[in-house]
Amino acid sequence: MSRQFFVGGNFKMNPISRSQKETIISTLNSADLDSATEVVIAPPSLYLIPLRDIVRKEVQVSAQNCYFKDAGAFTGEISPAQLVDARIPYVILGHSERRSLFHETSEFVAQKTKAALNSTLKVILCVGETLQEREAGQTASVVEKQLQAVVDVLQESDWKGIVIAYEPVWAIGTGKVATSAQAQEAHADIRKFLSRAVSPAVAENTRIIYGGSVTASNCKELSTQLDVDGFLVGGASLKPEFVDIINAKRG
């Protein structure tokens, strides 16, 4: 089974105005996008519904986070049930900024992943190592530990709703990017782990995308790697070059 190329745009806490948001969407709406690529954009929660209503139908919308409860006294949180009701199909979970700045553990990310899937959301599940961990040769073990927490709470059938985003923490927003060989090695290791920990079928069918300073200038080479099934794009998703990244697989 061939895996559909996937490009996600994580806007993070950007842009700061509605007019800037509309400019970003106008660029996407008028662009010639590769119809063979699945495209998902993740704006701040304030913009989820208005953006969903103005973006072209081929582009799906994702939340950047959610909680594991459907309702209750959880000030500042957004629930899976609310996202489903708002017709938001995806959510990003486990991003390194959530893990480091907001102290989310792998077990907590797993709990949220299970809740999101149970609510019929699809999940962009982020994993990745720090520079210190990479230099110590711990990339595979760190990523496997992050994934194992999710494996422990899911059924094999749940994995059809997950896209894994491998994002080396040292490459996010730094301008540094993993070489195509480094990305391929990490993605291949993830696929081998899924084959052992879940099943060969899940390993073969799960899309594993790369994130970490992806730009129009480096996306083509990265996209040629056997186990790189797309990208999760940060800063460049706010710029016109996002279109070039979406079209990375075009000849």
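Basis of the calculations
Residues numbered from 1 in each chain as written. Predicted model: local features only at pLDDT ≥ 70, side-chain atom pairs only at ≥ 80, totals over all residues. Heavy atoms only, no water. Helix = DSSP H or I, 4+ residues; strand = E, 2+ residues; numbered from the N terminus. Expected span 1.5 Å × (residues − 1). Buried < 20%, exposed > 50% of the residue type's maximum accessible area, 1.4 Å probe, protein only. Contact = heavy atoms within 4.5 Å. Pairing = 2+ DSSP bridges. Core = buried A, V, L, I, M, F, W, Y, C linked by side-chain atoms within 4.5 Å. Salt bridge = Lys/Arg side-chain N within 4 Å of Asp/Glu carboxyl O. Axes fitted to C-alpha atoms, helices over the stretch in contact; angles between N-to-C directions.

Peer 1: Now, about helix H5 (residues 106-118): what can you tell me, with residues and values included?
Peer 2: The end-to-end C-alpha separation of H5 is 18 Å, in line with the 18 Å expected for 13 residues at 1.5 Å each. Listed in full, the buried residues belonging to H5 are Ser106, Val109, Ala110, Lys112, Thr113, Ala115, Ala116 and Leu117. Where H5 is buried, its residues meet helix H3 (80-85), strand E4 (90-93), helix H4 (96-101), strand E5 (122-127), helix H7 (139-151) and strand E6 (162-166). Remark: threonine 120 follows H5 within two positions and exhibits a positive phi of approximately 80°.

Peer 1: Help me get a handle on the pairing of strand E8 (residues 230-233), residues and values and all.
Peer 2: Both faces of E8 are covered, namely the face carrying Gly230 and Leu232 and the face carrying Phe231 and Val233. As defined by bridge partners, strand E1 (residues 6-10) adjoins E8 across 4 bridges and the pair is classed as parallel. Across the sheet, residue glycine 9 finds its bridge partner in E8, namely valine 233. As paired elements, strand E7 (residues 208-211) and E8 share 2 bridges and run parallel to each other. In the sheet register, glycine 211 faces E8, and the bridge partner there is leucine 232.

Peer 1: Provide a residue-level description of the nonpolar core, including the pertinent values.
Peer 2: Tyr210 and Phe231 are the most contacted members of the largest nonpolar core, which totals 64 residues. With residues near it in sequence (within four places) discarded, phenylalanine 231 still touches Phe5, Phe6, Val7, Gly8, Ile209, Tyr210, Val214, Cys219, Leu222, Ser223, Ile245 and Ala248. If you look at the next biggest cluster of nonpolar residues, it comprises 11 residues, including Val40, Ala42, Ile124 and Val163.

Peer 1: Help me get a handle on the pattern of salt bridges, residues and values and all.
Peer 2: For the coordinates displayed, the defined rule picks out 14 salt bridges. For aspartate 32, the salt bridge goes to arginine 250, with nearest N and O atoms at 3.1 Å. With a gap of 218 residues between them, aspartate 32 in the loop between helix H1 (18-30) and strand E2 (38-42) and arginine 250 in the segment after helix H11 (242-246) connect regions that are remote in the sequence. By relative accessible area, aspartate 32 is classed as exposed at 53%. Between lysine 112 and glutamate 104 there is a salt bridge whose closest N-O contact spans 3.0 Å. As far as burial versus exposure is concerned, lysine 112 and glutamate 104 are alike and both buried. The structure contains a network of salt bridges with shared partners spanning Arg3, Arg191, Glu204, Asp227 and Asp229.

Peer 1: Could you give an account of the sheet that holds E7, with specific residues and numbers?
Peer 2: In any sheet, the strands associate via hydrogen bonds between backbone groups, in a parallel or an antiparallel arrangement. Read around the closed barrel, 8 strands run E1-E2-E3-E4-E5-E6-E7-E8, paired in parallel fashion. Shown here is a sheet whose adjacent strand axes are inclined to one another by a mean of 25°, direction ignored. The pairing of E2 with strand E3 (residues 59-63) spans 3 bridges and is classified as parallel. Among the inter-strand pairings, isoleucine 41 is bridged to a residue of E3, identified as valine 61. Sheet strands in contact with H7 are E5 and E6, and its direction is about 150° off that of E5. Relative to E7, helix H8 (residues 180-197) is tilted by about 145°, and along the sheet it contacts E5, E6 and E7.

By themselves these figures say nothing about function.
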